[in-house]
Amino acid sequence: MALLERYLDAVGRHLPPAEEEDILAELRDDIQAKYDRRAEELGRALTQDDEAELLRPYGRPIVLASRYRKPQHLVGPAWFPFYWNTLKIALAVALIVAVGLPLVLALMGRSPGAIVRALFNFPETALTVFAWVTIVFAAVEAFTSSTKFRDNWDPRSLPRPRPAGVARTSRFDVAIELGVSAAFLGWWTAAHRSPDLLFLPPVVALGPWWASVYLPLAALLLVSIVVKAVILVRPDWTGFRLAAGLLTTAAGTAIALFVAWSEPLLTGSGAGGEKLAGILESLLRWSIGVAVVIAVTTTALEAWRYLRARRRTGQVSTT
Amino acid sequence: MSRTADGTPAPPDQGEVFENLRQELRRGTLVLAVLSELRHERYGYTLRSRLAQAGVELDEGTLYPLLRRLESQGLLASEWREEDNRRKRFYRLSPAGRAVLKQLAAEWQSINTSLTRML
C-alpha cells in the first residue's frame, strides 16, 4: 500500500488541480481492484515487489498525468510546416543581423573582438528567436481551429507557375539580403549619430552632401527591407519582386548620382589631409560608378529575361 | 540513420516497424471498442476486463484518460456510486455518444468490407 500512496502522490503533482481529486480517486479504485485480485490469487498480503509489478504497467507518474491534459503539443501538424519555415527564416535573419554587422566592423579593422562576442552571444539570440516564434505559433494553435484552416484552403489561390527561364526566388537568399539590408541600415543610422563609425582617417571628413543623403538612403533601406519581407512571405510574386527591384534600383541610382555629383565628397584638413581626401574621393567616385553600373545592369537584365519569358508563354497581357 | 558496411542505408528493423504500425492500427479502433462496450453501464475495471476478454488489450495508463476525453466531448456520461463497499465511477453512453457510435460503426463496416475485398 505504501507504494500505491507514493505513486498516487507523484501522479497528483502533475495533474490539473481542479481534476486532481477526481482522477486520483478513480485511479486508486482501479489499482486497488488489481491489488485485491492479485492478493486473492497469491493467498497472502502483497509485498512491495508485488506492488511494483502491478504499478509498473501504469508508467511513470508524469507520463500518466500528461495523458489527462488536453493539449499534448505546442504546435500541431496543421501549423507545424508554417512554424518550421518561419523558424528557419527568422533564425537566418537573426544570424545575419547579429553576426553580420560585427563582421563588417571586424573586417574594417574596428572592434575586431566584436565578431567573437557576437558569435558567443548568438546562441542566446537564437534561443530568444526560437522562443518567440514558438510562443506565437503555440498561441495560434491554441486560439484557431486547425480543421477550419485546412478546410479553407482553396487550390485557386495557388500561385501561377513561373514563366520558363525565370529563376525561382530562393527564400534563403532573400533572408540573407534582408539581414544585410537591416545590418546596413543599423550601421547607417549609428554612423549618422556617431561619425566615428564611418571609419574615415582623422584628417578627412565628409562633405555637406552627407546631411542631405542620410534620410533618403535610410528610407530607401527601410522600403527595401519591407519589400524583402513581402518577398519572403510570397516568393512567387515574381512581378512584384522585379517591379520593386526596378524602383529601388532607380531610387538608389538617383541617390548615388546625387552623391557622385556633389562637390566635394570629402574634405581634408592640412596638406596631407587634402591629398588623402583627393585620393579617397577618386576611389569613392569610381566605387559609386561601378556599383551603379552593376545594379542597373543586373536589374535590367532580370527584367528583360522576365518580360521575354512571359512574352514567349503568352502571359504579357496578364499580371 | 544506420548504414551497412557498403555505405547504403540499413533496412529498418521490420519487427519494430510492424509493431509501430500494429499499434497505430489498433489505436484507431479503441474508441469504437470503448463506445461499443459502454452501451451498458460499466466502471473502468470491468470495462477493461470486458475489452480484454474480447481481445482488445489496453495499456493501464490509456483507458481512463480516454474515458475522460470522451466524456468531455459529450459522448459519455458518468456518476460516482458505491458498490461492494467501494466508490466507483460508472460510465455509459450519452445520447450523443449513441449517435456517434452508430456513425462510427457504419464507417467501420464500410472500411472492413473494402479491406476484406482488397486483402
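Located above this text is the structure these notes cover.
So, here's what we can say about the structure. Source: prediction; values computed, not measured.

Thresholds applied
- Residues numbered from 1 in each chain as written.
- Chains lettered and ligands numbered in written order.
- Predicted model: local features only at pLDDT ≥ 70, side-chain atom pairs only at ≥ 80, totals over all residues.
- Heavy atoms only, no water.
- Helix = DSSP H or I, 4+ residues; strand = E, 2+ residues; numbered from the N terminus.
- Buried < 20%, exposed > 50% of the residue type's maximum accessible area, 1.4 Å probe, protein only.
- Contact = heavy atoms within 4.5 Å.
- Areas by Shrake-Rupley, 256 points an atom, 1.4 Å probe, with all protein chains shown as cover.
- Patch = residues over 30% accessible without salt bridge, like charges linked within 9 Å, V, L, I, M, F, W, Y side chains within 5 Å.
- Salt bridge = Lys/Arg side-chain N within 4 Å of Asp/Glu carboxyl O.
- Core = buried A, V, L, I, M, F, W, Y, C linked by side-chain atoms within 4.5 Å.
- Buried area = accessible area lost by both parts, 1.4 Å probe.
- Polar contact = N/O pair within 3.5 Å; in protein donor to acceptor, adjacent residues only side chain to side chain.
- Pairing = 2+ DSSP bridges.
- Phe/Tyr/Trp six-rings, centres within 6.5 Å; stacked < 30°, edge-to-face > 60°.
- Lys NZ or Arg CZ within 6 Å of the ring centre and 35° of its normal.

Let us look at the overall build of chain A. Each helix and strand counted, chain A has 11 helices and 2 strands in total. For chain A, the α and β elements follow one another from N to C terminus as α-α-α-α-α-α-α-α-β-α-α-β-α. Relative to its full complement of 319 residues, chain A shows a buried share of 34%. Put simply, of all contacts in chain A between residues at least 6 apart along the chain, 74% involve residues at least 24 apart. Of the roughly 19700 Å² that chain A leaves accessible, carbon and sulfur atoms contribute 66%.

This part takes up a nonpolar patch on the surface. All names here are of chain B. Together, Ile 111, Leu 115, Met 118 and Leu 119 line one region of the surface with nonpolar side chains, adding up to about 460 Å² of accessible area. Among the secondary structure elements, Ile 111 is positioned in helix 4 (residues 95-118). Note on Ile 111: relative accessible area 38%, which makes it partly exposed.

Turning our eyes to something else, we now look at the nonpolar core. Core analysis: the largest hydrophobic core is formed by 36 residues, its most contacted members being A:Val11, A:Leu27, A:Ile31, B:Val34, B:Leu38, B:Leu67 and B:Leu76. Only helix 1 (2-12), helix 2 (17-42), helix 3 (48-55) and helix 4 (61-66) of chain A together with helix 1 (14-37), helix 2 (44-53), helix 3 (63-72) and strand 3 (86-93) of chain B provide two or more residues apiece to this core. Among the nonpolar cores identified, the runner-up in size contains 34 residues, and A:Val174, A:Ala175, A:Ile225 and A:Ile288 belong to it.

Before going further, it helps to spend a moment on the environment of A:Lys275. Residue position: A:Lys275 is located in helix 11 (residues 270-312). Separated by 71 residues in the primary sequence, A:Lys275 and A:Val204 place their C-alpha atoms 9.6 Å from one another.

Moving on: the interface of chain B and chain A. Residue-level contacts link 17 residues of chain B with 18 residues of chain A. Across the interface of chain B and chain A, roughly 1600 Å² is buried in total on both sides, 47% from carbon and sulfur atoms. Summed over the shared surface of chain B and chain A, the result is 9 salt bridges. Across the pair A:Asp36 and B:Arg86 runs a salt bridge whose closest N-O atoms are separated by 2.3 Å. Applying the counting criterion to the chain B and chain A interface returns 10 residue pairs in polar contact (both at pLDDT 80 or more).

Another aspect to go through is the pairing of strand 2 (residues 76-83) of chain B. Residue and element names in this part refer to chain B. Pairing of strand 2 with strand 3 involves 8 bridges; the strand directions are antiparallel. Paired with Leu 76 across the strands is Leu 93, a residue of strand 3. In sequence, strand 2 turns back onto strand 3 through a hairpin of 2 residues, with Asp 84 there showing a positive phi of about 50°.

Here we come to the packing of aromatic side chains. Taken as a whole and judged by the stated rule, the model has 9 aromatic pairs over all chains. Aromatic pair A:Phe80 and A:Tyr83: ring centres 5.7 Å apart, planes at 55°, arrangement tilted. Here A:Tyr83 and A:Phe80 lie together in helix 5 (residues 80-107), a separation of 3 residues that amounts to about one turn. Accessibility expressed as a relative area gives 7% for A:Tyr83, which makes it buried. Judged by centre distance (6.0 Å) and plane angle (75°), the rings of A:Trp237 and A:Phe240 are edge-to-face. Overall, the relative accessible area of 38% leaves A:Trp237 in the partly exposed class. The structure contains a cluster of three or more aromatic residues connected by ring pairs, namely A:Phe80, A:Tyr83, A:Trp84 and A:Phe137. Sitting over the ring of B:Phe90, B:Arg81 keeps its end group 4.3 Å from the ring centre.

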